[in-house]
Amino acid sequence: DRIVTLNLHEDGTFDFDTRTTSGVLVTLGREGSMRVWDLAALTGVSPVLRGRIVAVHPSGTRVAVADSNGVRVVDSLGSDELYGSWQVPTLDALNWDANGMLAARSGTQLFDWDPATATVPATLDVGQVFDPSRLAHDAIEDSALVVVSGTLKGRRGDAAPLQDVRVYDRSVGR
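Just so it is clear, the structure is predicted and the values come from calculations on it, not from any experiment.

1. Let's talk about the overall build of the chain
Phase 1 of the analysis: A tally of helices and strands in the chain yields 0 helices and 15 strands.
Phase 2 of the analysis: With 174 residues in all, the chain has 41% of them scored as buried.
Phase 3 of the analysis: Pairs at least 24 apart in sequence give 34% of the contacts found in the chain among residues at least 6 apart.
Phase 4 of the analysis: On the chain, roughly 9,500 Å² of surface is accessible, and the fraction owed to carbon and sulfur atoms is 49%.

And the structure:
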């Protein structure tokens, strides 16, 4: 085993995502620039996009970058080729599911987008149940189901926050 320290960005790294099977690491610097790194060669390409959240496609071939203007999907090899863009509110989380759908969260609103077809299923709002402070979600492969976990709303006084996991069906919105 070897441990390597990389100077990824001069001002530090804000966010990153990786696909070790394809040898791709994508970083976002605090100044907002995105860099794509070849883990085998430990080299990075020049910044191609700016953003605040990044997610690498499971294949390692595409990268989704989000900022206040929405999400852009580009080639992970650092080209300027744009595969699609999606206008959504400022996001708190962004990730790809195994089916190639992008799953995003803004507060308690959960969004999905298929860049291949540009389809956007109905938004799922879990704000009735969950507090947005520690909310996470992930799609279940080859289904319309999404697993949501977080702190339940409605706990008052000295009661400890209660964590819960629920499964929602995106096709019906609940």
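2. Describing the side chain of Ser106
Phase 1 of the analysis: Of note, Ser106 is situated in strand β10 (residues 102-106).
Phase 2 of the analysis: The buried category is assigned to Ser106, whose relative accessible area is 17%.
Phase 3 of the analysis: Ignoring any residue separated from it by four or fewer positions in sequence, one finds Ser106 in contact with Pro89, Thr90, Leu91, Asp92 and Phe111.

3. Considering the pattern of salt bridges
Phase 1 of the analysis: Tallied over the entire structure, the rule returns 3 salt bridges.
Phase 2 of the analysis: For Arg72, the salt bridge identified is with Asp67, shortest N-O distance 3.2 Å.
Phase 3 of the analysis: You can call Arg72 buried: its relative accessible area is 19%.
Phase 4 of the analysis: Residue classification places Asp67 among the buried residues on the basis of a relative accessible area of 17%.

4. Remarks on the pairing of β10
Phase 1 of the analysis: Burial of β10 is extensive: 5 of the 5 residues sit out of reach of the surface.
Phase 2 of the analysis: Burial along β10 is two-sided: Leu102, Ala104 and Ser106 and Ala103 and Arg105, pointing in opposite directions, are all buried.
Phase 3 of the analysis: As paired strands, strand β9 (residues 93-96) and β10 are joined by 4 bridges and run antiparallel to one another. The residue bridging Asn95 from the neighbouring strand is Ala103, located in β10.
Phase 4 of the analysis: Hairpin connection from β9 to β10: 5 residues lie between these consecutive antiparallel strands, with Gly100 at a positive phi of about 85°.
Phase 5 of the analysis: Alignment of β10 against strand β11 (residues 109-113), held across 5 bridges, turns out to be antiparallel. Residue pairing in the sheet places Ala104 in a bridge with Phe111 of β11.
Phase 6 of the analysis: The loop that links β10 with its antiparallel partner β11 comprises 2 residues; one of these, Gly107, has a positive phi angle of about 65°.

5. Structural notes on the nonpolar core
Phase 1 of the analysis: Ala64, Val71, Trp86, Leu91, Leu94 and Leu102 are the most contacted members of the largest nonpolar core, which totals 15 residues.
Phase 2 of the analysis: Dropping the residues within four chain positions of it, Leu102 is found in contact with Ala64, Val71, Val73, Trp86, Leu94, Asn95, Trp96, Phe111, Asp112, Trp113 and Pro115.
Phase 3 of the analysis: In this structure, Val26, Val56, Val63 and Val74 belong to the second largest nonpolar core, which totals 10 residues.

About the cut-offs
- Residues numbered from 1 in each chain as written.
- Predicted model: local features only at pLDDT ≥ 70, side-chain atom pairs only at ≥ 80, totals over all residues.
- Heavy atoms only, no water.
- Helix = DSSP H or I, 4+ residues; strand = E, 2+ residues; numbered from the N terminus.
- Buried < 20%, exposed > 50% of the residue type's maximum accessible area, 1.4 Å probe, protein only.
- Contact = heavy atoms within 4.5 Å.
- Areas by Shrake-Rupley, 256 points an atom, 1.4 Å probe, with all protein chains shown as cover.
- Salt bridge = Lys/Arg side-chain N within 4 Å of Asp/Glu carboxyl O.
- Pairing = 2+ DSSP bridges.
- Core = buried A, V, L, I, M, F, W, Y, C linked by side-chain atoms within 4.5 Å.

Function cannot be inferred from these measures alone, as they are strictly geometric.
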